[in-house]
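# Per-entry structural report
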Amino acid sequence: MAEDSYLVGLIGSGIGPSLSPALHEREADRQGLRCLYRLIDIDVLGVAPEEVGRLVRAARELGFDGLNITHPCKQLVVEHLDALSPQAEALGAVNTVVFRDGRATGHNTDVTGFAASFARGLPDAPLDHVVQLGAGGAGAAVAHALLTLGAGRITVVDALPGRAETLAAALTAHFGDGRAAAAPAGPDTLAVLAARADGVVHATPTGMAHHPGLPFPAELLDPRLWVAEVVYRPLETELLRAARAAGCATLDGGGMAVFQAVDAFRLFTGREPDAERMLADFAALAGAAGTRG
């Protein structure tokens, strides 16, 4: 017999503005379920990201049904779980943990979330060569999604060169030779890459409320490029504002946030969520948050 009450949460840094609680709780209400979604902010708790395993164990002991995991804990949490879905194992990153039958199983709904958002928001975007900034947990998911969607080649750029090289090697092993490469960060390198690319995906924390700014100089933007963003708070980042001003087609991070929540809701509850209703919820919530500043 299916449950009708769920206790879930989100572990991450600076997650106070997250819309995940409202997205999950509203959809649960419509389905006749009770869902209590709690924020577990490591900044508020004063704990290091490396302590995510302790937080996961505590949540399991306290009777949580599942957790979402976000920056900067998506890769750190992997070693503290009992099992991984094939996709989470391939990525080495987890954004959803389900507690069931005494086991903690890690999943990654960022991949399917970004893929669904991209297909919906930039359906005709060329994908011969994509430049991606960021090789962390979100970056790994986005790269897998793009290559699954048919991207010919992805060049990964990260402030930590070793991390970019590790992700590129993992992508090559999974998708085949020539599909992924790593490049050092820096304006000169980015200028060369952008001139040869069809689009740019941004998957670093830059642009978030606590990390304002542009990830690269605005003059590198060209109208022929499409620009996709992973950050969704704020929904219009400085990068998206600059890209639109330059005439680029753009995709904000809202769709990914919703579609990963759709898949996480299904994992937590076993029920089929209504994606269109959750997209409408997100639009209303993001608009209200914008009016509050």
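Scroll up for the structure.
Everything numeric in this text was worked out from a predicted model, so none of it was measured. (Residues numbered from 1 in each chain as written. Predicted model: local features only at pLDDT ≥ 70, side-chain atom pairs only at ≥ 80, totals over all residues. Heavy atoms only, no water.)

Another point: the packing of aromatic side chains. Counted by the stated rule, this structure contains 3 aromatic pairs. On the basis of an interplanar angle of 35° and a centroid distance of 5.8 Å, the ring pair of F114 and F118 is categorised as tilted. Here F114 and its partner F118 are both found in helix 5 (residues 110-121), 4 residues apart, which amounts to about one turn of the helix. Residue class for F114 comes out buried when judged on its relative accessible area of 1%. Taking relative accessible area as the criterion, F118 reaches 3% and is therefore assigned buried. Aromatic pair F118 and W226: ring centres 5.1 Å apart, planes at 70°, arrangement edge-to-face. A residue pair is termed long-range when its members are at least 10 positions apart, and F118 in helix 5 and W226 in strand 11 (residues 226-229) qualify at 108 residues. (Phe/Tyr/Trp six-rings, centres within 6.5 Å; stacked < 30°, edge-to-face > 60°. Helix = DSSP H or I, 4+ residues; strand = E, 2+ residues; numbered from the N terminus. Buried < 20%, exposed > 50% of the residue type's maximum accessible area, 1.4 Å probe, protein only.)

Judged from the 2 bridges that link them, strand 4 (residues 83-84) and strand 6 (residues 103-107) form a sheet pairing that is parallel. Note on strand 6: the bridge partner recorded for L84 is G106. Summarising the sheet, strand 5 (residues 96-100) and strand 6 pair through 5 bridges and their orientation is antiparallel. In the sheet register, T96 faces strand 6, and the bridge partner there is H107. (Pairing = 2+ DSSP bridges.)

Since the α-helix packs 3.6 residues into each turn, any two residues three or four apart lie on the same face. Here helix 8 (residues 187-196) has its buried residues at L190, L193 and A194. The buried residues of helix 8 occupy an angular sector of 100° when the element is viewed end-on, so they sit on one face. Exposed and oriented more than 90 degrees from the buried face of helix 8 are D188, A195 and R196. The elements touched by buried residues of helix 8 are strand 7 (129-133), strand 8 (153-158) and strand 9 (180-184). (Arc of directions from axis to C-beta. Contact = heavy atoms within 4.5 Å.)

Attention shifts here to unusual backbone geometry. Residue H71 is joined to P72 through a cis peptide bond whose omega torsion reads 5°. Tracing the backbone through its elements, the reader meets P72 in the loop between strand 3 (66-69) and strand 4. In this structure, the amide linkage connecting R233 to the following residue, P234, adopts the cis form with an omega of 5°. Positive phi outside glycine occurs at D101, with the angle close to 55°. Relative to the assigned elements, D101 resides in the loop between strand 5 and strand 6. Since its relative accessible area comes to 77%, D101 is described here as exposed.

If you trace the 6 strands from one edge of the open sheet to the other, you get 2-1-3-5-6-4, paired in mixed fashion. Unpaired on one side and paired on the other, strand 2 (34-41) and strand 4 mark the two borders of the sheet. Across the sheet, helix 10 (residues 254-269) touches strand 1 (5-12), strand 3, strand 5 and strand 6, and the angle it forms with strand 5 is around 10°. (Axes fitted to C-alpha atoms, helices over the stretch in contact; angles between N-to-C directions.)

Quick look at the sheet that holds strand 10 (residues 199-202) now. Taken in spatial order, the 6 strands line up as 9-8-7-10-11-12 in an open sheet, and their pairing is parallel. On the outer flanks of this sheet lie strand 9 and strand 12 (249-251), each paired with one strand and no other. Going from strand to strand, the sheet's axes swing by 20° on average, the running direction of each strand aside. Alignment of strand 8 against strand 9, held across 5 bridges, turns out to be parallel. By the bridge assignment, I154 is partnered in strand 9 with A180.

Our next topic: the nonpolar core. F114, F118, V130, L146, I154, V201 and W226 are the most contacted members of the largest nonpolar core, which totals 34 residues. Listed by contribution, the elements that provide at least two residues to this core are helix 5, helix 6 (137-148), strand 8, helix 7 (161-175) and strand 11. Discounting residues that sit within four places of it in the chain, L146 has contacts with F114, F118, L127, V130, Q132, A151, I154 and V201. (Core = buried A, V, L, I, M, F, W, Y, C linked by side-chain atoms within 4.5 Å.)

Geometry only, nothing functional implied.
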